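Working through the structure, step by step
Read off the chains here:
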Amino acid sequence: EDPVRMVRALRHAARAGFTIEDNTFAAISELRELITVCPRVRIFEELCKDLRGGSSRDVMELFSESGLMPFLLPMIAKGLEQDKELIWPQLEQTLLSIDKCIARGEELSSAVIFSAMML
């Protein structure tokens with residue numbers, strides 16, 4: 001009914017540290033293209049929640065594993081596709097730094113977060 005629920009399920013799994021049931025994860029992976037029917041502004045709002053939630057590293061890993069990454073963050077997905085061994089460690093460190101800032105109660109703007117990820 002609402003493809004954004006795929007993104008939310010991954011976010012909540014990352015935040016709570018739980019594993020998504022195999023059939024559910026397979027369904028997310030299989031139906032990932034449905035996210036394209038959602039308005040981009042709604043996807044952006046969800047991504048902001050994901051990246052400000054303190055578990056950005058874990059949620060980005062789930063986006064990658066599920067196949068949602070190319071639909072949510074195509075430039076990052078392309079970089080990972082071209083050279084994951086180079087790009088992922090750099091991105092991971094950035095995401096962990098963002099998560100640490102969030103844990104300290106620091107407010108980070110969406111512009112800062114997305115800029116840091118793109119560097």
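Details of the structure are given in the entry above.
Residues numbered from 1 in each chain as written. Predicted model: local features only at pLDDT ≥ 70, side-chain atom pairs only at ≥ 80, totals over all residues. Heavy atoms only, no water.

**Focus: the nonpolar core**
I35, M60, F63, L72, L73 and M117 are the most contacted members of the largest nonpolar core, which has 35 residues in total. For this core, the elements supplying multiple residues, two or more each, are α1 (4-16), α2 (22-30), α3 (40-52), α4 (56-66), α5 (69-72), α6 (74-103) and α7 (110-118). A per-element tally of this core places α6 first, with eight residues. (Core = buried A, V, L, I, M, F, W, Y, C linked by side-chain atoms within 4.5 Å. Buried < 20%, exposed > 50% of the residue type's maximum accessible area, 1.4 Å probe, protein only. Helix = DSSP H or I, 4+ residues; strand = E, 2+ residues; numbered from the N terminus.)

**Concerning the packing of aromatic side chains**
Tallied over the entire structure, the rule returns one aromatic pair. A ring pair is formed by F44 and F114, whose centres lie 5.5 Å apart and whose planes are at 25°; its orientation type is stacked. Taken together, the residues span a long stretch of sequence, with F44 in helix α3 and F114 in helix α7 at a distance of 70 residues. Taking relative accessible area as the criterion, F44 reaches 41% and is therefore assigned partly exposed. On the basis of relative accessible area, F114 is assigned to the buried category, the value being 17%. (Phe/Tyr/Trp six-rings, centres within 6.5 Å; stacked < 30°, edge-to-face > 60°.)

**Notes on the side chain of S56**
With respect to the element layout, S56 can be found in helix α4. Of the residues examined, S56 reaches a relative accessible area of 0% and is grouped as buried. Reaching out from S56, the side chain makes a polar contact with the side chain of D99 at a distance of 2.7 Å. Those residues in contact with S56, other than ones at most four positions away along the chain, are D50, L51, L95, I98 and D99. (Polar contact = N/O pair within 3.5 Å; in protein donor to acceptor, adjacent residues only side chain to side chain. Contact = heavy atoms within 4.5 Å.)

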